[in-house]
Amino acid sequence: MKQNGKWRALHNNVYALRLLWRISPSQTIHRAVMRLLGYFEWLFYSAFFMRYVIHSLETNQEFSSIMTFLGVTVIVFACISIYGSYVNGKVFPITQAEVYKKLNLKLFEKSGNVELACFEDSEFYNKYTLAMDKAAEQLMDTVENIWGVFFGVIASVVSFCMMFEVDAISVLFVIFPIIGNFVFDRKLGRIDFQRNKDMAPHNRKIAYVNRVMYLADYAKEVRLTKAFALMKRNYREAIQGVAEVTKKYTAKATIFHWLRVQFTFSFIFEGVLMYGAYRTIVSRTMSLAQLAVLTSMMVSATWILIGFTESLVKAFKNGLFVDNLRGFLEHQEKIPEDYAGADPGDFIGSIEFRDVSFSYKDEPVINHLSFELRGGQTYALVGHNGAGKTTIIKLLMRFYDPDEGEIFLNGRNIKEFELRKYRALFATAFQDHQIFSLSVMENVLMRKGTADDEEQVVQALKMAGIYDKVTSLPKGIHTILTKEFAEDGAVLSGGEYQKIVVARAFVKDSSCKVFDEPSSALDPIAEYELFEHILESGREKTMLFISHRLSSVQNADWVLMLEHGKVIEEGTHAVLMQKKGAYADMYEKQAVNYLAQGPAEMEV
């Protein structure tokens, strides 16, 4: 790892320690104490305890003094055990719940505050998902590991000093586990990294097949086609690929694993034992007590060194997680949801796009667009797919800001307003809507409802043309939608869900109502009825809607025809039909689908 990478990993671990300290100082302190006591037990038993007991027996000390020492030792370690049980049984469960709550709230608040473009940026979204994935567990594990490194260094130095005190030459044997862990273990780590990298495409294919085979979304196609055979073929190919990658690295990994085991365990254990036996039996320059302490310290030093090495390696791995978490939490929003600007009021007199341009992932979508909407009027945006209609709505909602140009509300740049209050001026129903696993009432209100809200919800559902369906549900407007968490939840059709979403715009008392393809999943009759209600609800309010069916925009006060991000025609339906331009051509082509059945049938 490069030097800057090491420093980055160090800074990230320090960041994790500070973050957990701010969230739960108790969790941080107790994890440190538990690690410290763990190393203390290793060193005490392997060095001081063994040395004292054997030396006391060799020098024929009084039995009472030995028993006193043993009694004090038992009491001390009983207290340590009680403390460990208390921490693991009470402190950690309580503080872990606190960490879960506070860290997830931080992440949720941040995810709710970053601009929409972040979720469409694959690099940022990957960082976000990695930060969210078991964030609390990984944060606590990272801090636990930090204390492992910190106290591991101290314990390693102390154990080496104790071995040096017994016999200076014996410390040289510590070189073997150092080589085993820092040389061969790192080589094994590189092999594992490269092997996992080579396996990644095959593992992704295996995961995809597993996902397809258990998700209900694919069940019908799998049963009605021969897709299962294709999935089975892909699965076998992926398994074969994993086997080939494994075979490719097996020989090299086996050699380095053998060398690691020999250097980390065999050479030091057997070497120290043979050396100690020679000093004790042959040259008689080492006492039995020294031999017992030396062998015991050898075991402790080896395991302490292994634990320290593993903690050190893990610290660099954890640095990657913390880097994602830190990058997400420290992200500077371009359009922060909590932006505090001017109060826009509750009246819309005008909305103006002035020479607005916008590109999505370097692809121009809006090109020097200019138009003005007057308050209290109904406007329709029409055009072919990719004309920029929905992008205009997203710019108006400030999900994005223009690359060039400005958008004005009542003559003032919308960037100057407090974002939440500005958005409160609009009631929106988007084509790419989402239904939540909540009651019908909560899905319409998008908040917790009260008894006083029921009448408004019922009226909104009636206007959306979905009330009769809702009354047939087991609990009416209080029925849970989807079966995500409720076995008795209601599953509706796409068109019915779309009507629920439209009801959201109906129920909200706002100055402007925005409908993005509100009838895309509806049949022509339901569409006609819906637009009648949309126009009715929009009286004395500003109305802006997008529709791919031009028959539904005839009663709009003003129609804007877009192409390649520009307004190419605008006017009333009648005026645009008289122009016989792009709008009239599109309208007539759509009308053929209705007129093809013949005048007699049309009358019927």
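Residues numbered from 1 in each chain as written. Predicted model: local features only at pLDDT ≥ 70, side-chain atom pairs only at ≥ 80, totals over all residues. Heavy atoms only, no water.

A.B. asks: Help me out: how do you make sense of the overall build of the protein in this one?
C.D. replies: Within the protein one finds 20 helices and 10 strands. For 604 residues, the compact-globule formula gives about 25 Å, and the C-alpha radius of gyration of the protein, at 36 Å, lies well above that figure. Seen through its C-alpha atoms, the protein measures out along the principal axes to roughly 120 × 55 × 50 Å. The 604 residues of the protein split such that 45% are buried. For the protein, restricting intrachain contacts to residue pairs at least 6 apart in sequence, the fraction spanning at least 24 positions comes to 74%. Within the structure as shown, the protein displays about 32,700 Å² of accessible surface, and the carbon and sulfur contribution to it stands at 58%. The average position of the 67 basic charges and that of the 70 acidic charges among the side chains of the protein differ by 9 Å. (Helix = DSSP H or I, 4+ residues; strand = E, 2+ residues; numbered from the N terminus. Rg over C-alpha atoms; globule rule 2.2 N^0.38 Å. Buried < 20%, exposed > 50% of the residue type's maximum accessible area, 1.4 Å probe, protein only. Contact = heavy atoms within 4.5 Å. Areas by Shrake-Rupley, 256 points an atom, 1.4 Å probe, with all protein chains shown as cover. Lys, Arg positive; Asp, Glu negative; His and termini not counted. Charge placed at Lys NZ, Arg CZ, Asp CG, Glu CD.)

A.B. asks: Please clarify how a positive patch on the surface should be interpreted in this entry.
C.D. replies: There is a patch of like positive charges on the surface, built from Lys6, Arg186, Lys187 and Arg190. When residues of the positive patch are assigned to their parent elements, the largest contribution, 3 residues, is made by helix 7 (residues 175–214). Structurally, the position occupied by Arg190 is in helix 7. We classify Arg190 as exposed; its relative accessible area is 51%. (Patch = residues over 30% accessible without salt bridge, like charges linked within 9 Å, V, L, I, M, F, W, Y side chains within 5 Å. Salt bridge = Lys/Arg side-chain N within 4 Å of Asp/Glu carboxyl O.)

A.B. asks: Looking at this structure, I do not really get the pairing of strand 3 (residues 378–383). What am I missing?
C.D. replies: Successive residues of a regular strand alternate their side chains across the two faces of the sheet. A large share of strand 3 lies buried, amounting to 6 of its 6 residues. Neither face of strand 3 is exposed, since Thr378, Ala380 and Val382 on one face and Tyr379, Leu381 and Gly383 on the opposite face are all buried. The pairing of strand 3 with strand 8 (residues 542–546) spans 4 bridges and is parallel. Residue pairing for strand 8: Thr378 is matched across the bridge by Met543. Examined bridge by bridge, strand 3 and strand 9 (residues 558–563) share 5 bridges and lie parallel to one another. Residue pairing for strand 9: Gly383 is matched across the bridge by Leu562. (Pairing = 2+ DSSP bridges.)

A.B. asks: What should I look at first to understand the pattern of salt bridges in this one?
C.D. replies: Opposite charge on two side chains makes pairing possible when the charged atoms of those side chains draw close. Applying the stated criterion across every chain yields a total of 18 salt bridges. Salt-bridge contacts for Lys102 lead to Glu98; the nearest nitrogen and oxygen are separated by 3.0 Å. Here Glu98 and Lys102 lie together in helix 3 (residues 63–113), a separation of 4 residues that amounts to about one turn. In this structure, Arg412 engages Glu416 in a salt bridge whose closest nitrogen and oxygen atoms are separated by 2.5 Å. Taking the relative accessible area as the measure of exposure, Arg412 reaches 37% and is therefore partly exposed. Residue classification places Glu416 among the partly exposed residues on the basis of a relative accessible area of 36%. In this structure, a network of salt bridges that share partners links the residues Arg31, Arg35 and Glu144.

A.B. asks: Explain unusual backbone geometry here, please?
C.D. replies: Excluding glycine, residues mostly have negative phi values, and the peptide bonds linking residues are mostly trans. Unusually for a residue other than glycine, Arg398 sits at a positive phi of about 60°. Inspection of the secondary structure puts Arg398 in the loop between helix 11 (389–396) and strand 4 (404–409). Notably, Met446 is not glycine yet its phi reads approximately 60°, a positive angle. Assignment of secondary structure puts Met446 in the loop between helix 13 (440–445) and helix 14 (454–464).

A.B. asks: Is there a simple way to think about the packing of helix 14 against helix 17 (residues 524–537) in this case?
C.D. replies: Packed helix pairs are characterised by how far apart their axes lie and by the angle those axes make with each other. As a packed pair, helix 14 and helix 17 sit with axes 8 Å apart at the nearest point and diverge in direction by 135°. One way to sum up the angle between helix 14 and helix 17 is to call them oblique. On helix 17, the residues touching Lys462, Met463 and Ala464 of helix 14 are Leu530, His533 and Ser537. The residue makeup of the contact of helix 14 with helix 17, split by class, is 3 nonpolar, 2 polar and 1 charged. (Axes fitted to C-alpha atoms, helices over the stretch in contact; angles between N-to-C directions. Parallel < 35°, antiparallel > 145°, perpendicular 65-115°, else oblique. Nonpolar A, V, L, I, M, F, W, Y, C, P; charged D, E, K, R; others polar.)

A.B. asks: Please clarify how the packing of helix 16 (residues 494–507) against helix 17 should be interpreted in this entry.
C.D. replies: Direction vectors running N to C along helix 16 and helix 17 enclose 10°, while the axes themselves pass 11 Å from each other. The orientation of helix 16 with respect to helix 17, classified from their angle, is roughly parallel. Each of Lys499, Val502 and Phe506 in helix 16 lies in contact with helix 17, whose residues at this interface are Ala526, Leu530, His533, Ile534 and Ser537. Considered class by class, the residues forming the contact of helix 16 with helix 17 number 5 nonpolar, 2 polar and 1 charged.

A.B. asks: Would you explain the packing of aromatic side chains in this entry?
C.D. replies: Two aromatic rings are characterised by how far apart their centres lie and by the angle between their planes. Scanning the model with the defined rule gives 19 aromatic pairs in all. Ring geometry for Phe44 and Phe77: centres 5.2 Å apart, planes at 45°, overall tilted. Here the residue Phe44 occupies a position in helix 2 (residues 25–58), and Phe77 occupies one in helix 3, the gap between them amounting to 33 residues. The same class applies to Phe44 and to Phe77, which are both buried. When the ring of Phe417 is compared with that of Tyr422, the centres are 6.2 Å apart and the planes differ by 5°; the resulting orientation is stacked. Residue Phe417 is classed as buried on the basis of its relative accessible area, which comes to 4%. Overall, the relative accessible area of 1% leaves Tyr422 in the buried class. (Phe/Tyr/Trp six-rings, centres within 6.5 Å; stacked < 30°, edge-to-face > 60°.)

A.B. asks: Hey, could you run me through the environment of Trp303 in this one?
C.D. replies: Structurally, Trp303 is set in helix 10 (residues 288–329). Distance from Trp303 to Thr264, taken between C-alpha atoms, is 9.2 Å for residues 39 residues apart in sequence. Trp303 has contacts with Trp42 and Phe265, leaving out every residue within four places of it along the chain.

A.B. asks: Help me understand the sheet that holds strand 3, please; the structure alone is not making it clear to me.
C.D. replies: Neighbouring strands of a sheet are bound in pairs by backbone hydrogen bonds; such pairs are parallel or else antiparallel. Here 6 strands make up an open sheet; going across it, the order is 6-7-8-3-9-10 and the pairing mixed. Here the strands that pair on one side only, and so sit at the sheet edges, are strand 6 (426–429) and strand 10 (566–571). Pairs of neighbouring strands in the sheet enclose a mean axial angle of 15°, with direction left out of account. Sheet analysis places strand 6 next to strand 7 (residues 512–516), joined by 4 bridges and oriented parallel. Along strand 7, the bridge assignment pairs Ala427 with Lys513.

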